[in-house]
Amino acid sequence: MRVTWSAVLLGALFGFGQAPPAPLERGTLRLYYVQKPIGYERYEISPEDGALKLTADFDFTDRGGRVQLAATLRTKSDYTPTAFQAKGKSYRFVNVDSDVRVEGSDAIVRADGAAESRVTLPAQFFTVDGYAPFSAQMLLLRYWKQHGQPRLLRTVPGQPTNDVIVEARGREAIRIADKVTTLERFAIDGVVWGRETLWLDERGTLAAAVTRAGGLSFEAVREDLEPALVQFVQRATRDRIGDLESITRANTPLKSGTYAMVGATIVDGNARPPVRDGVVIVQDGRIADVGPRASVPIPEGVPTVDVSGKTLVPGLWDMHTHVTQIEWAPVYLASGVTTVRDMGNEFEFIISLRDAVASKRALGPRLLLAGLVDGPGPNAFGVYYAATVEDAKQVVGKYHDAGFQQIKVYSLITPPLVEAICAEAHRLGMTVTGHVPNGMTIDQAASAGMDQIAHLAIRGEAGSDDVNRTIALLREHKTVIDPTQSWNELLGHAAGSPIAAFQPGVARIPPPLSRLFSNAGTAGIDAAAARTRLERGLRIVKALHDAGVPVVAGTDEGIPGHSVHREIELYVEAGFTPLEALQAATIVPARAMKLDAELGTIEKGKRADLVVLNANPMDQIRNIRTVRWTIIDGRVYDAPALWRSVRFQP
Ligand SMILES: [Zn+2]
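Residues numbered from 1 in each chain as written. Predicted model: local features only at pLDDT ≥ 70, side-chain atom pairs only at ≥ 80, totals over all residues. Heavy atoms only, no water.

K.L.:
Got a minute to help me understand the layout of surface pockets in this structure?
P.N.:
Empty space among the atoms becomes apparent when a probe as large as a water molecule is rolled across them. Of the voids in this model, the largest pocket is the one considered here, and its volume is about 950 Å³. The wall of the largest pocket is formed by 39 residues, among which Leu456, Arg459, Gln485, Asn488 and Arg536 lie closest to the centre. For the lining of the largest pocket, the elements supplying multiple residues, two or more each, are helix H8 (442-447), helix H9 (465-477), helix H10 (485-492) and helix H12 (527-547). Ranked by residue count, the leading element in the lining of the largest pocket is H12, at 7 residues. For the lining of the largest pocket, a count of residues per class yields 18 nonpolar, 14 polar and 7 charged. (1 Å grid on protein atoms, 1.4 Å probe; cavity = no way out; pocket = protein on both sides within 12 Å on 5 of 7 lines; lining within 4 Å. Points joined across faces, edges and corners; volume = space filled by probe spheres on them. Helix = DSSP H or I, 4+ residues; strand = E, 2+ residues; numbered from the N terminus. Nonpolar A, V, L, I, M, F, W, Y, C, P; charged D, E, K, R; others polar.)

K.L.:
I would appreciate a short explanation of the packing of H10 against helix H13 (residues 562-574) in the present structure.
P.N.:
How two helices pack is summed up by the angle between their axes together with the distance between the axes. Here H10 crosses H13 at 105°, and the two axes come no closer than 8 Å. Between H10 and H13, the interaxial angle falls into the category roughly perpendicular. Contact with H10, carried on its side by Gln485, Ser486, Trp487 and Glu489, involves Ser563, Arg566, Glu567 and Leu570 of H13 and no other residues of that element. When the residues that make up the contact of H10 with H13 are grouped by side-chain class, the tally is 2 nonpolar, 3 polar and 3 charged. (Axes fitted to C-alpha atoms, helices over the stretch in contact; angles between N-to-C directions. Parallel < 35°, antiparallel > 145°, perpendicular 65-115°, else oblique. Contact = heavy atoms within 4.5 Å.)

K.L.:
Would you mind showing me how to read the side chain of Asp633 here?
P.N.:
The topology assignment puts Asp633 in the loop between strand S28 (627-632) and strand S29 (635-638). Side chain to side chain, Asp633 and Arg607 meet in a polar contact 3.0 Å long. Apart from the residues within four sequence positions on either side, Asp633 is in contact with Gly285, Lys360, Arg366, Arg607, Ala608 and Asp609. (Polar contact = N/O pair within 3.5 Å; in protein donor to acceptor, adjacent residues only side chain to side chain.)

K.L.:
I tried to follow empty space enclosed by the protein on my own but got confused; where do I start?
P.N.:
Within the structure shown, the criterion is met by 8 cavities of 30 Å³ or more. Lining the largest cavity are 29 residues, with Val192, Arg212, Gly214, Pro512 and Leu516 sitting closest to its centre. Taken together, the elements giving at least two residues each to the lining of the largest cavity come down to strand S5 (81-91), strand S6 (94-103), strand S11 (179-192), strand S13 (206-213) and helix H11 (511-518). The biggest single contributor to the lining of the largest cavity is H11, with 5 residues. Val210, Arg212, Arg240, Thr324 and Phe349 are the residues nearest the centre of the second largest cavity, which is lined by 14 residues in total. The set of elements that each furnish at least two residues to the lining of the second largest cavity consists of strand S12 (194-200), S13 and helix H3 (229-250). Its residues assigned to classes, the lining of the second largest cavity shows 4 nonpolar, 6 polar and 4 charged.

K.L.:
How do you make sense of the environment of Leu513 when you look at a structure like this?
P.N.:
Structurally, Leu513 can be placed in helix H11. Considered as a pair, Leu513 and Gly215 are 298 residues apart in the sequence and their alpha carbons are 9.7 Å apart.

K.L.:
Before we go on, may I ask you to explain the pairing of strand S14 (residues 216-222) in this structure?
P.N.:
Successive residues of a regular strand alternate their side chains across the two faces of the sheet. For S14, the buried fraction is high: 7 of the 7 residues fall into the buried class. Pairing between S13 and S14: 6 bridges, direction antiparallel. Bridge assignment links Thr211 to a residue of S14, and that residue is Phe218. Between the antiparallel neighbours S13 and S14 lie 2 residues, among them Gly214 with a positive phi of about 55°. (Buried < 20%, exposed > 50% of the residue type's maximum accessible area, 1.4 Å probe, protein only. Pairing = 2+ DSSP bridges.)

K.L.:
Could you clarify how one ought to interpret the pattern of salt bridges in this entry?
P.N.:
Opposite charge on two side chains allows them to pair when their charged atoms are near. Across all of its chains, the model carries 53 salt bridges by this definition. For Asp355, the salt bridge goes to Arg354, with nearest N and O atoms at 3.0 Å. Assessed through its relative accessible area of 16%, Arg354 is described here as buried. Across the pair Glu461 and Arg539 runs a salt bridge whose closest N-O atoms are separated by 3.2 Å. In this pair, Glu461 sits in the loop between strand S25 (452-454) and H9 while Arg539 sits in helix H12, placing the two residues 78 residues apart along the sequence. We classify Glu461 as partly exposed; its relative accessible area is 39%. One connected set of salt bridges, linked through shared partners, spans Glu167, Arg169, Glu172, Arg185, Arg195, Arg235, Asp239, Arg240, Asp243 and Glu327. (Salt bridge = Lys/Arg side-chain N within 4 Å of Asp/Glu carboxyl O.)

K.L.:
I'm lost on H11 in this one. Help?
P.N.:
When H11 is considered as a whole, its buried residues turn out to be Pro512, Leu513, Arg515, Leu516 and Phe517. Buried positions along H11 lie against S6, S11 and H10.

K.L.:
Is there a simple way to think about the packing of aromatic side chains in this case?
P.N.:
Aromatic rings in a pair are described by how distant their centres are and how their planes are angled relative to each other. Tallying each qualifying case throughout the model produces 26 aromatic pairs. Geometrically, the ring pair formed by Phe134 and Phe218 is stacked, given 6.1 Å between the ring centres and 20° between the ring planes. Here Phe134, found in helix H2 (residues 134-146), pairs with Phe218, found in strand S14; they are 84 residues apart in sequence, far enough to count as distant. Assessed through its relative accessible area of 0%, Phe134 is described here as buried. What links up through ring pairs into an aromatic cluster is the set Tyr33, Phe58, Phe60, Tyr91, Phe93, Tyr131, Phe134, Phe218, Phe381 and Tyr410. (Phe/Tyr/Trp six-rings, centres within 6.5 Å; stacked < 30°, edge-to-face > 60°.)

Such coordinate-based values are descriptive only and should not be taken to indicate function.
Right under this line is the structure:
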């Protein structure tokens, strides 16, 4: 029991004889976003009529934006919930307004302004609405422990969560100086999409949590354990890579080694017309031969796979992602993506994941890494900063030594440091991508040496003199653009209008992700105005492409997997041919990353990264969504099984 004098005093002052009971427990958790300290969660647990009342204030500031959530959770003394309210925001664009009241064997549930509904409760249940507040997840674990540690813990029907899978992962010691704290580690799956790690101490108090917010890593650490932040991240990383290895064992390739795929239409990704009734011979991870059946002999003894009626395209790329959780690995393969360029992540996590995939211990797309660096200051992003040329050299060197291909500069880097970063990166054989920093134009960023630019940082209208000048300059500098149009569409669509109108994949995502995206969008505009804004961007994308500026498909995450398909569709809406749109997600990024000798097309000698589609995207670009099998390095994976492994519908 930890009660401070101020609480007792406050209680005494409050009600003139009806003082609220002093709290039984209180705690403060430091909140971190991608390891940068950004705020606090403060909670108290007080007795109330023989039961318990948790109140929590969750409060952080991310890149200048304040995010606050207030929550109350009432439970019986055995932690069975009786009422839950949460109101505020849990992330920049995630509004929360949840109300659950238990009445006997029913609950009255209201979520995000929707009408109240009465639902029947399961025999055992808990109630949460996302990762915040963490103290509610602490009580979820206490409930789970006191109720027989069920493999699946049901949540209140009608709430935007999955049923929750809790697994105890053993005890471990956290060391700070010479003080050792023994904690119990838990994996929780379903509160957010994918697994979180939480640690309780011997009294059942939350010590730390590692989760994700808005797709990036988010941590909470009890104040006295703050120096152990990186230890927590490392242990959570080990736990998660172990989980991905389990998913890998449960999804062994349907085929590998030497085999021939026979009968498909082959769209090889070059400008050639598709090959009907084609053959691809795969041998030890590479394409040994490819062409029409009539001219490609299948050596004796080579097993064949009949893929007639299907279409083969090169493995897709996502050139702007943040693979912050292992669940992305099966998602990418399920959606036909065999290579991704990660645009900023937790160092400890992403290099472990890259190595696990590269060594084939874990399935997943091949990972190319861009290391994030920002300028210092309260609004900075991440934990790697450069304020001086010396800093710039150091941070570029750190990423280089860890095998990163690129540096990603972020918004607060100053112009002279952009030049310093580019010079050092180029000296070490790396390239530079990222945001156009504040206080610079895209023209200046390209002239300062940035090889690539993330997002469509061009103001004005396609066809205007200004935009034409910029496009000419980008062409001259051979600057590569990843315009993230699907991300713009997702955040820019009229708030309240259904995402399914442009993104059919949204129907297949698990409830916590639906929750995340349910109020993404722009307030105060209608669908027509949102579309007009999007089309302005698409016209510029088309003008870039027409001028010969390489445009590469990137999502900035979005709807996992499905946004890659949407990005490709949007290029066709912009005026690309279906083949050109496919190339923006295959050979053009392969060239931009100097890997086109190995990847990017279906050609003899290249790596066998292929997608088997049920329908031909050259007929209708939306057929890019019909992934049946994905082949990476010659290993054939079943897309529906991979979707199911991370709680998506296939
Ligand atoms: Zn990004």
